[in-house]
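Here is what each chain is made of, one letter per residue.
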Amino acid sequence: MYNAKAYAAASATSPLAWSAISRRDPTEHDVQIEILFCGICHSDLHTVRNEWSGLMPTVYPCVPGHEIVGRVTKVGPAVTKFKPGEVAAVGCMVDSDGACPECQAALEQFCPNMTLTYNSPDKHLGGVTYGGYSDSVVVNERFVLRVPSNLDLAGAAPLLCAGITTYSPMRRWGVSKEKKVGVVGLGGLGHMGVKFAHALGAHVVVFTTSPHKKEDALRLGADEVVVSRHAGEMQKHAGSFDFILDAVSADHDINAYIQLLRRDGNITLVGAPAKPLAVAAFGLLFGRRSLSGSLIGGIAETQEMLDFCGAHNIAADVEVIPIQKVNEAYERLLKSDVKYRFSIDTASLKSE
Ligand code: NAP
Ligand code: ZN
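Rules of the game
- Residues numbered from 1 in each chain as written.
- Chains lettered and ligands numbered in written order.
- Predicted model: local features only at pLDDT ≥ 70, side-chain atom pairs only at ≥ 80, totals over all residues.
- Heavy atoms only, no water.
- Donors = N, O, S within 2.8 Å, 3.2 Å for Na, K, Ca; no water.
- Helix = DSSP H or I, 4+ residues; strand = E, 2+ residues; numbered from the N terminus.
- Buried < 20%, exposed > 50% of the residue type's maximum accessible area, 1.4 Å probe, protein only.
- Near = heavy atom within 4 Å.
- Polar contact = N/O pair within 3.5 Å; in protein donor to acceptor, adjacent residues only side chain to side chain.
- Areas by Shrake-Rupley, 256 points an atom, 1.4 Å probe, with all protein chains shown as cover.
- Phe/Tyr/Trp six-rings, centres within 6.5 Å; stacked < 30°, edge-to-face > 60°.
- Lys NZ or Arg CZ within 6 Å of the ring centre and 35° of its normal.
- Pairing = 2+ DSSP bridges.
- Right-handed = clockwise from strand over helix to strand, strands pointing away.

**Here we look at the coordination of the zinc ion (ligand 2)**
Next, step 1: Looking at the zinc ion (ligand 2), the protein donor atoms are C41 (SG), H66 (NE2) and C161 (SG), and they sit 2.0 to 2.2 Å from it.
Next, step 2: Of note, the zinc ion (ligand 2) draws all its donor residues from one chain, in the sequence arrangement C-x24-H-x94-C. Of this pair, C41 sits in the loop between strand 3 (30-40) and helix 1 (42-48) while H66 sits in the loop between helix 1 and strand 4 (68-75), placing them 25 residues apart in sequence. We note that C41, like H66, is buried.

**A closer look at the site of ligand 1**
Next, step 1: With respect to spatial proximity, 30 residues lie near ligand 1, and among them H42, T208, T209, S210 and R341 are the closest.
Next, step 2: Between ligand 1 and H42 there is a distance of 2.7 Å, counted from an oxygen atom to a side-chain nitrogen or oxygen.
Next, step 3: Residue R341 places a side-chain N or O atom 2.6 Å away from an oxygen atom belonging to ligand 1.
Next, step 4: Taken by itself ligand 1 offers 920 Å² of open surface, and the protein chains cover 90% of this.
Next, step 5: Of all the secondary-structure elements, those providing two or more residues to the shell around ligand 1 are helix 1 and helix 5 (188-199).
Next, step 6: Top contributing element to the shell around ligand 1 by residue count: helix 1, with 3 residues.

**Let's talk about the packing of aromatic side chains**
Next, step 1: Under the defined criterion, the tally for this structure stands at 6 aromatic pairs.
Next, step 2: Considering the side-chain rings of Y167 and F196, the 5.3 Å spacing of their centres and the 70° angle between planes classify their relative orientation as edge-to-face. Taken together, the positions of Y167 in helix 4 (residues 162-172) and F196 in helix 5 put the pair 29 residues apart, joining distant regions of the chain.
Next, step 3: One aromatic cluster is present, built from ring pairs that chain together Y167, F196 and F308.
Next, step 4: Above the plane of the ring of W173 lies R172, whose end atom (NZ or CZ) is 5.2 Å from the centre.

**Things to note about the pairing of strand 10 (residues 203-208)**
Next, step 1: Counting buried residues along strand 10, 5 of its 6 residues qualify, which places the element largely inside the surrounding structure.
Next, step 2: Judged from the 5 bridges that link them, strand 9 (residues 180-184) and strand 10 form a sheet pairing that is parallel. Along strand 10, the bridge assignment pairs K180 with H203.
Next, step 3: With helix 5 bridging strand 9 and the parallel strand 10, this β-α-β connection has right-handed handedness.
Next, step 4: With 4 bridges connecting them, strand 10 and strand 11 (residues 224-227) associate as parallel partners. Directly across from F207, in strand 11, lies its bridge partner V226.
Next, step 5: Read as a crossover between parallel neighbours, the route from strand 10 over helix 6 (residues 214-220) to strand 11 is right-handed.

Spelled out as structure tokens, the structure:
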């Protein structure tokens, strides 16, 4: 066991602050990584503030962070995938049983024994797992990914959650040329959704509550931008979408988007607002439309997504911040004020 530096929340109402945490020494199949960048996902904020207390109560102290990019410092004797000095990445999961039907189907995110990168029982040290707002992490090599060498590392970190969470449902629902695709909410997830839908050749429409994001949305790859508070603008798109990705973090009217789907169109929720959404049955009955959810993606698909990003030169648009600004970043996230993902430069932990 060794000590690592981290930022942790002591309770649902305390700010994140410096803390020393324990990490295990790498065992046989483990990779030890010096963390260079960690993205700030809205899920970090939901968890730190215990907003998902019903389903996933937060255990404190909580060290969030599941968009990790770093450099390998040490590997266990049985590790074959990585060598010290190489760039490596870790997303939302650090372990699964490897034996259940979900793992066999390469859908580790649905394994009943999956371990999340933070706030999951830690099999090795007891307590809960600690995430990437830290200078170091130790992870089984099955859950360590390769980053294409042409990608900027600060911008690559968010691919590990925002990237795979938007890529996976787009592949699942056949986003491609000649498809009309909507992306609701231009935040961390949404802006990745726009980049992927554009790269896959779809006609992309962004729905935003923030009129000032219009030009950015077009630059990111949108063909049209709709300010969702304008009922008239929404109405123009009624019954026309093949697929809509809903990446909104707060309560909102999903029925307004269901109405925009064509026959057999699908809307997939990736956003995880704390409060249940109200769904009017008739919106789904007429047109045989469907409403789905999607949770990150399996490890093989995450690597596929990273390779796709390498081939298409896709990374997140990031505001790089020192970890000392993390509490300010959370306040800005709540105001939808980020372009379009915060990426923590963990070198800033050295001064703590
Ligand atoms: P984010 O960067 O804060 O983006 C959320 C966006 O939602 C905002 O930028 C804003 O876009 C829109 N929004 C916020 N409040 C709104 C409101 N009251 N009404 C309508 N729109 C609103 O968050 P994120 O990191 O992308 O995460 C989004 C959600 O996905 C979170 O709930 C997160 O927990 C969840 N998530 C799920 C998964 C998964 O596996 N399913 C993975 C990661 C994250 P505009 O300014 O454009 O309106
Ligand atoms: Zn996330």
